[in-house]
Amino acid sequence: MINFSINKNLFLQALNTTKRAISHKNAIPILSTIKIDVTNEGITLIGSNGQISIENFISINNENAGLLVTSLGSILLEATFFINVVSSLPDVTLDFKEIEQKQIVLTSGKSEITLKGKDADQYPRIQDVPTSNPLVLETKILKDLISETAFAASLQESRPILTGVHFVLTDHKNLKTVATDSHRLSQKKIILEKNGDNFDVVIPSRSLREFSAVFTDDIETVEIYFTNNQLLFRSENISFYTRLLEGNYPDTDRLIPTEFTSIVTFDKNNLRYAMERARLLSNATQNGTVKLEIINGVVSAHVNSPEVGRVNEEIDTESISGQDLTISFNPTYLIDSLKAINSEKVTISFISAVRPFTLIPSDDTENFIQLITPVRTN
């Protein structure tokens, strides 16, 4: 029968991190619970939604935890309800004690609350991932890769493979990440400082976004392990499991053009704010597009909404070369792309009004490229 006391605030922080893996509407009711596993080494909190699972370990040696374990065991508690109760408790210290029939008593200050739990044996087992020979990455580098690509993954389940981000390691050090929803594409390449085993996997973009939220900036490195259909991100205290997507990712390399007819370099923020103004009106138009014109060395954006009004705006450029062009596209795609670029200047290269155009940070011509497909208008 479990019995421990702990710093409430640290416990609550760990509970909220673990809860990110727990879905409110789960087809398997047991997955709406959080598993608490108490051993002599510390407490492990476990949450899962079938797609991702998080194990969060609070060590007996963590000085900030104030953890004192009196007796061991495991229990399941309704996650949202339990976390709300813990957050409402008045004192800094929380005593957690299991009594008969899977009930627990929480004591904090003058408050005492009894909750019903469930037998931990009902909880599904998390699939083991062999933990030898990890790929070790700086957490910040991995989170940057995710923020630069995952936004371009599809949200439509009709082509499940496109809801993921394609991670490929070749020559033990060349890592390429790419995402596309077939209307846009974002690809980033980096060279790893430490070699790893080559791999070719598709990770759900939703899992990657959760990873970025769970692995905070104070976690310096992350170890990555694979099985055939499962991936494990691990730090000192957090193990984050995700299923991999099955199937072959399309060959995106052939989509990236190398020859262009018009090339324009913009100040990134100028262009982004112009697109955000244009989007306000384009949302009211039937096709939701903005028209970009390049005429005699001048670039301008146009939106015409019979119901709302129109935008005509000349956009400052840093440099411009090539042919005149008129092209229409979804401004949201361009805004999302610009948000993912850290450089102050961005170079956009066009082929024609009906072919995809590319964006690259002006200070990085090799490693980061994005592609946006135009919209055909009359």
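Read on for a plain summary of the structure. Here the structure is a predicted model, which means the values were calculated and not measured.

## Looking at the pairing of strand S18 (residues 262-267)
- When S18 meets strand S22 (residues 319-322), the two strands line up antiparallel, connected through four bridges. In the strand pairing of S22, Ser262 is matched with Gly322.

## Points about unusual backbone geometry
- In this structure, Asn133 is a non-glycine residue whose phi angle is positive, near 55°.
- As for its position among the elements, Asn133 is in the loop between strand S9 (111-116) and strand S10 (135-138).
- With relative accessibility at 55%, the residue Asn133 sits in the exposed group.
- A positive phi is found at Ser182, a non-glycine position, where the angle reads about 80°.
- With respect to the secondary-structure elements, Ser182 resides in the loop between strand S12 (174-180) and strand S13 (184-191).
- What makes Ser182 partly exposed here is its relative accessible area of 46%.

## Topic: the nonpolar core
- By size, the foremost hydrophobic cluster in this structure holds 33 residues, and its most contacted members are Leu142, Phe167, Phe215 and Phe233.
- Setting aside residues no more than four positions away along its own chain, Phe215 makes contact with Thr139, Lys143, Val222, Phe233, Arg234, Ser235, Ile238 and Phe240.

## A short note on the sheet that holds S12
- One open sheet accounts for nine strands, arranged S14-S11-S12-S13-S26-S25-S24-S18-S22; its pairing is antiparallel. Each having just a single partner strand, strand S14 (199-204) and S22 make up the two edges of the open sheet. Adjacent strand axes in the sheet meet at a mean angle of 15° when their direction is disregarded.
- The pairing of strand S24 (residues 345-350) with strand S25 (residues 357-361) spans four bridges and is classified as antiparallel. For Thr347, the partnering residue across the bridge sits in S25 and is Ile360.
- Of the strands in this sheet, S13, S24, S25 and strand S26 (368-372) are in contact with helix H6 (residues 331-339), which crosses S26 at around 175°.

## Some details on empty space enclosed by the protein
- Evaluation of the coordinates by the stated rule reveals one cavity of 30 Å³ or more.
- Quantified by volume, the largest cavity comes out at close to 70 Å³.
- Lining the largest cavity are Leu135, Leu137, Leu142, Phe167, Leu175, Phe199, Val201, Ile203, Ile224, Phe226, Leu231 and Phe233.
- Counting residues per element, the ones that place at least two in the lining of the largest cavity are S10, S14, strand S15 (221-226) and strand S16 (230-234).
- In terms of residue class, the lining of the largest cavity is made up of twelve nonpolar, no polar and no charged.

## Here's the deal with the pattern of salt bridges
- A complete count under the given rule lists 14 salt bridges for this structure.
- The shortest N-O distance in the salt bridge between Arg125 and Asp128 comes to 3.1 Å.
- One salt bridge connects Lys143 with Asp217, and the closest N-O pair in it is separated by 3.0 Å. Placement of Lys143 in helix H3 (residues 139-149) and of Asp217 in the loop between helix H4 (205-214) and S15 is noted, with a sequence separation of 74 residues between them.
- The exposure class assigned to Asp217 is exposed, which follows from its relative accessible area of 70%.
- Look at the salt bridges and you will find they share partners, linking Asp181, Arg184 and Asp336 into a network.

## Comments concerning the packing of helix H1 (residues 8-19) against helix H2 (residues 79-88)
- Orientation of H1 relative to H2, taken along the N-to-C sense of each, is 155°, at an axis distance of 10 Å. With respect to H2, the axis of H1 lies roughly antiparallel. Considering the relative orientation of H1 and H2, their crossing is left-handed. For the pair H1 and H2, the contacting residues are Lys8, Phe11, Leu12, Leu15, Asn16 and Lys19 in the first and Thr80, Phe82, Ile83, Val86 and Ser87 in the second.
- In terms of residue class, the contact of H1 with H2 is built from six nonpolar, three polar and two charged.

## Notes on the packing of aromatic side chains
- Applying the stated criterion across every chain, the model contains eleven aromatic pairs.
- Clustering of aromatic rings is evident, with ring pairs tying together Phe4, Phe11, Phe82 and Phe96.
- Positioned above the aromatic ring of Phe368, the side-chain terminus of Lys188 is 5.5 Å from the ring centre.

## Quick look at the side chain of Thr252
- As for its placement among the helices and strands, Thr252 is situated in the loop between strand S17 (238-243) and S18.
- The residues contacting Thr252, other than those within four sequence positions of it, are Val178, Thr180, Leu185 and Gln187.

## Structural notes on the environment of Leu142
- Within the secondary structure, Leu142 sits in helix H3.
- Judged by relative accessible area, Leu142 falls into the buried class, the value being 1%.
- Considered as a pair, Leu142 and Val85 are 57 residues apart in the sequence and their alpha carbons are 35 Å apart.
- Apart from residues lying up to four places away in sequence, Leu142 is in contact with Leu137, Phe167, Phe211, Val222, Ile224 and Phe233.

## What about the layout of surface pockets?
- Computed from the structure, the largest pocket encloses a volume of approximately 590 Å³.
- Lining the largest pocket we find 21 residues, and of these Asn56, Asp218, Ile219, Asn237 and Ile238 sit closest to its centre.
- Of all the secondary structure elements, the ones that give two or more residues to the lining of the largest pocket are H1, strand S4 (52-59) and H4.
- Element by element, the count of residues in the lining of the largest pocket is highest for H1, at five residues.
- Grouping the amino acids of the lining of the largest pocket by side-chain chemistry returns eight nonpolar, nine polar and four charged.
- Put simply, the second largest pocket is a space of about 470 Å³.
- As for the second largest pocket, its lining consists of 21 residues, of which Asn49, Gln51, Pro204, Arg206 and Ser207 are closest to the centre.
- Elements represented by at least two residues in the lining of the second largest pocket include exactly H1 and H4.

Definitions and limits used
Residues numbered from 1 in each chain as written. Predicted model: local features only at pLDDT ≥ 70, side-chain atom pairs only at ≥ 80, totals over all residues. Heavy atoms only, no water. Pairing = 2+ DSSP bridges. Helix = DSSP H or I, 4+ residues; strand = E, 2+ residues; numbered from the N terminus. Buried < 20%, exposed > 50% of the residue type's maximum accessible area, 1.4 Å probe, protein only. Core = buried A, V, L, I, M, F, W, Y, C linked by side-chain atoms within 4.5 Å. Contact = heavy atoms within 4.5 Å. Axes fitted to C-alpha atoms, helices over the stretch in contact; angles between N-to-C directions. 1 Å grid on protein atoms, 1.4 Å probe; cavity = no way out; pocket = protein on both sides within 12 Å on 5 of 7 lines; lining within 4 Å. Points joined across faces, edges and corners; volume = space filled by probe spheres on them. Nonpolar A, V, L, I, M, F, W, Y, C, P; charged D, E, K, R; others polar. Salt bridge = Lys/Arg side-chain N within 4 Å of Asp/Glu carboxyl O. Parallel < 35°, antiparallel > 145°, perpendicular 65-115°, else oblique. Left-handed = near helix turned anticlockwise from the far one by under 90°. Phe/Tyr/Trp six-rings, centres within 6.5 Å; stacked < 30°, edge-to-face > 60°. Lys NZ or Arg CZ within 6 Å of the ring centre and 35° of its normal.

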